[in-house]
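Listed below, chain by chain, are the residues.
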Amino acid sequence: MTPKKTSPSTTPLIGTEQIALLERLSNAVAVSGAEHEVRKIVLAEIKDLADDIKVDALGNVLATKHARQEPALRVMLAAHMDEVGFMLVDGEDGLYEFATVGGIDVRQLPGKTVLVGKDHLPGVIGAKPIHHTTPDERRNAISLDNLRIDVGNENGKKVHPGDRATFATRFQQLGPSLVGKALDDRLGVVTVIELLRHAPAHIELLAAFTVQEEVGLRGARVAGYALDPQLAFALDSTPAGDLPTWDGEESPRYNTRLDGGPAIYVADQGTLSDPRLIRYLIQTAETFGIPYQIRQPGGGGTDAGAIHKQRAGIPVVSVSVPGRYAHTAALVARLDDWQHTLALMYHALEGLTPAILDQER
Amino acid sequence: MKPLIKKLVEAVGPSGYEGAVRELVKKEVAKLADDVRVDALGNLIVRKGKQGSGGLRIMLSAHMDEIGIIATHIDENGFVRFTTIGDVGPRTLIGGRVQFLNGAYGVIAGEWLTGTDQVHSFEKMYIDVGAAGKADCPVKIGDLAIFDRPMLDLGSRLVAKSMDDRIAVAVLIETLRKLKDTPHEVYFVFSTQEEVGTRGATTAAYGIDPDLGIAVDVTGTGDTPKGMRMAVKLGAGPAVKVRDGGMLSDPRVVRWMADTAEAAKIPYQLEILEAGSTDARAIQLTRAGVPVGCLSIPCRYIHSPSEMVDYNDVQHAVSLLTILISNPIHLQ
């Protein structure tokens, strides 16, 4: 299928409003299984953008924007609301043992400030100061068993085992870059909101703001089953490992590169993208002069991994905004990559028709 | 049956890109089937018969896909780095040749290792496609390839890159050809994406909603020098699977398959495989659950570019499967 030549001038833009929404969403706390803060913001934002909005049994927000013409193609867009973080396990005197929720490298935790519980109480992941450590100790990573979240004596009485915590990083725009603790996947959340706002008339748009992606694509599984689309796109954030090597040698493993544009998936741990959708996205990008990159095939995954196996099968592809330092206290993404991701998805939806499903794979 | 097998095993069809195999199978089954369709994940679903009174809805599954590799990086000098599609072992790769879906060929080579007893990890391997540099490399990131190897006919033994599972695709086609009459509604499913986690069979089974499922796939053997411990051997008949790493066959299905083979005087073996699994696992866990079994073709050197099966086992598998689905079934 050849992408429809809609004018590039209709491309929705990421402006101050979208960045302000991203800021609110990135600063909100929504560790997997406790996504209510983000859900509340999403529900308020899409109130007038969708025809039918519901919160399902697992907490996914499922919003439908009906097609206004036939033949309509049922297209699902998924972006996950949850973020990686911590859960308090046990403690006293304001010092809490904790578990990680989602994929977090424990080596990077000591010294980080965190927000704990529904009241966002400030805490610190403490570490022994250099004055009191031996050279031997400093050579080894501190294990999770030996780390505590310190919220202080007073606040310690207000938090409980099971409470979530996350990095305290506040969102910032630094020149061309966006910095935040939860841009994975609040970038996707805002993108899907914008695509709802600009939904083409011939598409039955099924938006899923999913829960529990970071602990195994659990929300997307039931969302895909419930929405039962003809095809689906997962919009996510993926690591950019494009840093210089110490010896100047070419690095063969970087996943994606910052400033390379939206990353289109061919294969990851959980999904082989539908070849028709890969081709179509590439054609769309080339038609509209939107930069793009193919994410290096390999591990990792998105909601697409759960969605494509629902019912009698759903063709899927994922598109991610590349970001450095994913799953740490500060992810760095580029405004331009995000803008190009929105543009690619907007034009892709504009030109998409049921004929794509009749193509050879 | 050998010309059919040769066509199938030499076709190119890594997981997710089974189109060439699907077209071959479509041609073979066109005149034999009551209905042919392709589902959302590319499974080819071929129906024969209509469920009458006492008949069952049966799903047979043989996967069309094969293991392969996918390009992850093209370096400045035009060498291709890659990762695997499906469970590929690093030991069988160096010196092998690959064929990309776009028609390009290449040789798998490895970085210089200091010790002679070391094995290259995938990170230390690359594919040389004969390019002089990045600019004239015919391969892009995301391009898939399979292990290029023609079939070898050793008389009663056949060797090919993708016996797993094209030999079962051939078995299903031949069974359909031989099937005269059946009280059942039989779905011959030529499934996709088995090697990456039985994904095609998962959605095919949901769509078909069968009363009974049988996967046909290859299984390992214990009949090679200092090989793995396993009772199955080449040439002793197809194997009725009792269990594998992901599935316990329904004991009623195992009894029915074994009793049918005994009664028809078809040689068979019972199979206990400690690792791995098949489409039967996906079928079993569909919707509210499905009784399943698996008919296995014993195969040496699985997931190497030279997988070996016994031609007599293959023909016996066709005979047994045909009898199994030709008659009324009362699981007990």
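None of these values were measured; they are calculated from a predicted model.

**Quick word on the domain arrangement of chain A**
All names here are of chain A.
(1) Moving on: Splitting chain A by domain gives domain 1 (8-83 + 181-358) and domain 2 (86-167).
(2) Moving on: For domain 1 versus domain 2, the distance between C-alpha centres works out to 32 Å.
(3) Moving on: Tallying the contact residues gives 11 residues for domain 1 and 11 residues for domain 2.
(4) Moving on: Per-class residue counts for the side of domain 1 that touches domain 2 are five nonpolar, three polar and three charged.

**Section: the sheet that holds strand β9 (residues 164-167) of chain A**
Strand pairing in a sheet takes place through backbone hydrogen bonds and is either antiparallel or parallel in direction.
All names here are of chain A.
(1) Moving on: Strand order in the closed barrel formed by six strands is β4-β5-β8-β7-β6-β9, with antiparallel pairing between adjacent strands.
(2) Moving on: Where strand β6 (residues 113-116) lies against β9, three bridges are found, and the strand directions are antiparallel. Across the sheet, the residue bridging to V114 is F167, located in β9.

**Considering the packing of helix α5 (residues 183-197) of chain A against helix α9 (residues 335-351) of chain A**
All names here are of chain A.
(1) Moving on: The N-to-C vectors of α5 and α9 enclose an angle of 40 degrees; their axes lie 10 Å apart at closest approach. Comparing the axis directions of α5 and α9 gives the class oblique. As α5 runs across α9, the sense of the crossing is right-handed. Packed against α5, whose contacting residues are L187, T191, E194 and L195, the element α9 presents W338, T341, L342, M345, Y346 and L349 at the interface.
(2) Moving on: Looking at the contact of α5 with α9 residue by residue, the class counts come to seven nonpolar, two polar and one charged.

**Some points on the interface of chain B and chain A**
(1) Moving on: Across the contact, 25 residues belong to chain B and 18 residues belong to chain A.
(2) Moving on: Here the element with the most residues in the side of chain B that touches chain A is helix α4 (residues 199-208) of chain B; it accounts for five residues.
(3) Moving on: Tallied by class, residues from the side of chain B that touches chain A come to eight nonpolar, 12 polar and five charged.

**Focus: the nonpolar core**
(1) Moving on: Among the nonpolar cores identified, the biggest contains 200 residues, and L77(A), A78(A), V171(B) and L172(B) are the most heavily contacted of them.
(2) Moving on: Per-element accounting of this core gives the leading share, nine residues, to helix α3 (residues 163-178) of chain B.
(3) Moving on: Two domains each provide a minimum of three residues to this core, namely domain 1 (8-83 + 181-358) and domain 2 (86-167) of chain A.
(4) Moving on: Discounting residues that sit within four places of it in the chain, A78(A) has contacts with A208(A), T210(A), A220(A), A223(A), A232(A), A234(A), L235(A), D303(A) and I307(A).

**Overview of the confidence of the model for chain B**
(1) Moving on: The predicted model of chain B averages 97 in pLDDT, with 100% of residues at 70 or higher.
(2) Moving on: Scored as a whole, the predicted complex attains pTM 0.96, and scored at its interfaces, ipTM 0.95.

**A word on the environment of F209(A)**
(1) Moving on: Counting through the fold element by element, F209(A) comes out in strand β12 (residues 203-210).
(2) Moving on: With 84 residues separating them in the primary sequence, F209(A) and I125(A) have C-alpha atoms 30 Å apart.

**Structural notes on helix α5 (residues 251-263) of chain B**
All names here are of chain B.
(1) Moving on: Look at α5: 18 Å from first C-alpha to last across 13 residues, which is about the 18 Å you get at 1.5 Å a residue.
(2) Moving on: Three or more residues of α5 are buried, namely V253, W256, M257 and A261. Viewed along the axis of α5, the buried residues span an arc of 125 degrees, placing them on a single side of the element. Opposite the packed face of α5, turned more than 90 degrees from it, sit the exposed residues P251, D259, E262 and A263.
(3) Moving on: Along its buried surface, α5 packs onto β14 (239-243), β16 (292-300) and α7 (311-326).
(4) Moving on: Following α5 by one or two positions, K265 adopts a phi angle in the positive range, close to 55 degrees.

What counts and how
Residues numbered from 1 in each chain as written. Chains lettered and ligands numbered in written order. Predicted model: local features only at pLDDT ≥ 70, side-chain atom pairs only at ≥ 80, totals over all residues. Domains from an automatic or database assignment. Contact = placed C-beta atoms within 7 Å. Nonpolar A, V, L, I, M, F, W, Y, C, P; charged D, E, K, R; others polar. Pairing = 2+ DSSP bridges. Helix = DSSP H or I, 4+ residues; strand = E, 2+ residues; numbered from the N terminus. Axes fitted to C-alpha atoms, helices over the stretch in contact; angles between N-to-C directions. Parallel < 35°, antiparallel > 145°, perpendicular 65-115°, else oblique. Left-handed = near helix turned anticlockwise from the far one by under 90°. Core = buried A, V, L, I, M, F, W, Y, C linked by C-beta atoms within 7 Å. Buried ≥ 20, exposed ≤ 12 C-beta atoms within 10 Å, placed from the backbone. pLDDT = per-residue confidence, 0-100. Expected span 1.5 Å × (residues − 1). Arc of directions from axis to C-beta.

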